[in-house]
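Structural features, examined
Given next are the chains, with one letter for each unit.
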Amino acid sequence: MKIESRLAQIGSQKDTVTGAVSFPIYQATAFRHPGLGESTGFDYARTKSPTRAVLEEAVAEIESGDAAFACSSGMAALQTVFAYFSSGDHLIVSLDLYGGTYRLLERIMKRFGVTATYVDTNDLDQLGASLTSNTKAILIETPTNPLMMITDIAKVSTWAKSKGLLTIVDNTLLTPYFQRPLELGADIVIHSASKYLAGHNDVLAGLIITKGEELSAEMAFLHNSIGAVLGPQDSFLLARGMKTLALRMERHQSNATAIAKFLQTHEAIAEVFYPALPEHPGHSIQQGQSSGNTGIFSFKVKDARYVAPILSSVKLIAFAESLGGVESLMTYPAVQTHADIPEEIRQAIGVDDRLLRFSVGIEHVDDLIADLDQALKFAMQEVAALQN
Ligand SMILES: *Cc1c(COP(=O)(O)O)cnc(C)c1O
């Protein structure tokens, strides 16, 4: 069955009691046992809960994994996966990393003796140079956020396997609709499902998908032991959002591509970072390993003084953090999402004071372009007035 059909039908044939096509929200935390030593399959909701189980089963199948675990946020999913490691273990991690993941590793995991080295994960020489006898895994984001750097998942996971390392991919930006890292050799996929999967800027959720019996059993143990699990209401909302994932991703992609091309030729813009563009350094790898492009990209304005007037004059586009929802949001990574990443790392990778990130929604592309154009023109006028 094609992925569009699986997505649209999440849970629709699972309620055999009433035949409900929308699987119900089971709010119960406790489940009656038929007798001593007997169970309906459900005992206590942290371990397994019906609405969450329907979501997890569908997600495992859609990401081509053996098991999936729904967590209370993307960060909860990352923390649960990091709990797989022990004091003394070392990780190799993508350089242009989600700020919250960097903070979790540097401010918390480090205190527990788990350390990380940040490198360009597409460079095998850098990977080799950062390998130690305690390295246990490599964590990649592709594309990265906000700079849209691309890593070749098959190449890196082949290398990781040869060194006995696990490959973990944060697949938030492309979703399984466009990219399935487990099919390319990765062992664990993580999502902030708060973004494209839920899709409506109204659910906080995370997902872990594992490949292999042993790893899946260990992750089930960690998920239940740590307990940062997704509640029944949010499990329902996430599954409901995912039913339209295919339609939304197609629109996010076409809108983002048209707007990135519009910005490339705009006089206020210095550079556009979007892997769908043929000029992007990761373009061919990205097209080879995924079937489409994300709806988020970043761009640099020519003058840092444009930033404030742009953000205050966009109307349809909201100045807000987060990404992946139906509503268009624009943010300023240097002072918001990436504020926890040290200045020298931000400068080295290019997250500077001229960079804006745009999560393109599913509104009509003409309206989005008109809104951007008026904001850019206003910013240019404001800065020109300062000079006169
Ligand atoms: C948002 C995000 C996270 C964190 O997820 P939350 O759901 O906000 O906890 C992790 N990784 C990436 C790439 C993200 O965009």
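Every buried residue of helix α6 (residues 153-162) is listed here: Ile-153, Val-156, Ser-157, Trp-159 and Ala-160. The buried residues of α6 occupy one face: seen down the axis, they fall within an arc of 160 degrees. Summarising the geometry of α6, the exposed residues directed more than 90 degrees from the buried face are Thr-158, Lys-161 and Ser-162. In the core, the buried residues of α6 are packed alongside β2 (90-94), α5 (124-130), β4 (135-141), β5 (166-170) and α11 (283-289). By the N-cap criterion, in which a side-chain oxygen at the helix start approaches the backbone nitrogen of a residue two or three places on, α6 is capped by Asp-152, the distance to Ala-154 being 3.3 Å. Directly beyond the C-terminal end of α6, a positive phi value near 75 degrees is found at Gly-164.

Split into domains, the protein chain comes out as domain 1 (3-242) and domain 2 (245-387). Here domain 1 and domain 2 have C-alpha centroids that lie 27 Å from each other. With 39 residues of domain 1 at the contact, the number on the domain 2 side is 43 residues. Counting each side, the surface lost to burial between domain 1 and domain 2 is near 3400 Å², with a carbon and sulfur contribution of 62%. Contact with domain 2 buries area across many residues of domain 1, yet Leu-147, Phe-178 and Tyr-196 alone supply 23% of it, more than any other trio. At the boundary of domain 1 and domain 2, one finds zero salt bridges. Where domain 1 meets domain 2, there are 18 residue pairs in polar contact (both at pLDDT 80 or more).

Turning to helix α8 (residues 213-226), a few remarks are in order. Between its first and last C-alpha, α8 extends 20 Å over 14 residues, near the 20 Å set by a 1.5 Å rise per residue. When we look at burial in α8, the residues that qualify are Leu-215, Ser-216, Met-219, Leu-222 and His-223. What you see down the axis of α8 is that its buried residues fit within an arc of 125 degrees, all on one side. Those residues of α8 that are exposed and angled more than 90 degrees off the buried face are Glu-213, Glu-214 and Phe-221. The secondary structure elements touched by the buried residues of α8 are α2 (50-62), β1 (67-71), α3 (74-82), β5, β6 (188-192) and β7 (206-210). Phi for Gly-227, located one or two positions after α8, is positive at around 85 degrees.

Close contacts around the ligand come from 13 residues, with Gly-74, Asp-170, Ser-192, Ser-194 and Lys-195 the closest. One nitrogen or oxygen atom from the main chain of Gly-74 is found 2.9 Å from an oxygen atom belonging to the ligand. Coverage of the ligand by the protein amounts to 93% of the 380 Å² it exposes when considered alone. Top element by residues in the shell around the ligand is α3. It accounts for three residues. Taken together, the residues of the shell around the ligand break down into six nonpolar, five polar and two charged.

Let's shift gears to the sheet that holds strand β3 (residues 115-119). Taking strand neighbours across the sheet as the criterion, the seven strands line up as β1-β7-β6-β5-β4-β2-β3 in an open arrangement whose pairing is mixed. Whereas interior strands pair on both sides, the edge strands pair on one side only; in this sheet they are β1 and β3. Put simply, the sheet's adjacent strands are angled 20 degrees from each other on average, direction ignored. Sheet topology places β5 next to β6; three bridges connect them, and they run parallel. Looking across to β6, one finds that Asp-170 is bridged to Ile-190. Here α3 sits on the sheet and contacts β1, β2, β4, β5, β6 and β7; the angle it forms with β6, its principal contact strand, is near 155 degrees.

Burial analysis of β6 places five of its five residues in the buried class, which makes it a mostly covered element. A two-sided burial pattern is seen for β6, the buried positions comprising Ile-188, Ile-190 and Ser-192 on one face and Val-189 and His-191 on the other. Strand direction decides the pairing type here: β6 and β7, joined by five bridges, are antiparallel. From the neighbouring strand, Ser-192 faces β7, where its bridge partner is Gly-206.

Running from N to C, α2 and helix α9 (residues 232-242) cross one another at 35 degrees; their axes reach a closest spacing of 8 Å. Classified by chirality, the crossing of α9 by α2 is left-handed. Within the contact between the two elements, α2 uses Thr-51, Arg-52, Leu-55, Val-59 and Ile-62 and α9 uses Pro-232, Ser-235, Phe-236, Leu-238, Ala-239 and Met-242.

As a further point, take the sheet that holds strand β10 (residues 318-319). Spatially, β8-β9-β12-β11-β10 is the arrangement adopted by the five strands of the open sheet, whose pairing is mixed. Among the strands making up the open sheet, the edge pair consists of β8 (269-273) and β10. Pairing analysis gives five bridges linking strand β9 (residues 296-301) to strand β12 (residues 355-359), with the strands arranged antiparallel. What sits directly across from Phe-299, in β12, is Leu-356. Against the sheet, helix α10 (residues 245-264) engages β8, β9 and β12, with an angle of about 10 degrees to β9.

Conventions we followed
Residues numbered from 1 in each chain as written. Predicted model: local features only at pLDDT ≥ 70, side-chain atom pairs only at ≥ 80, totals over all residues. Heavy atoms only, no water. Buried < 20%, exposed > 50% of the residue type's maximum accessible area, 1.4 Å probe, protein only. Helix = DSSP H or I, 4+ residues; strand = E, 2+ residues; numbered from the N terminus. Arc of directions from axis to C-beta. Contact = heavy atoms within 4.5 Å. Polar contact = N/O pair within 3.5 Å; in protein donor to acceptor, adjacent residues only side chain to side chain. Domains from an automatic or database assignment. Buried area = accessible area lost by both parts, 1.4 Å probe. Salt bridge = Lys/Arg side-chain N within 4 Å of Asp/Glu carboxyl O. Expected span 1.5 Å × (residues − 1). Near = heavy atom within 4 Å. Areas by Shrake-Rupley, 256 points an atom, 1.4 Å probe, with all protein chains shown as cover. Nonpolar A, V, L, I, M, F, W, Y, C, P; charged D, E, K, R; others polar. Pairing = 2+ DSSP bridges. Axes fitted to C-alpha atoms, helices over the stretch in contact; angles between N-to-C directions. Left-handed = near helix turned anticlockwise from the far one by under 90°.

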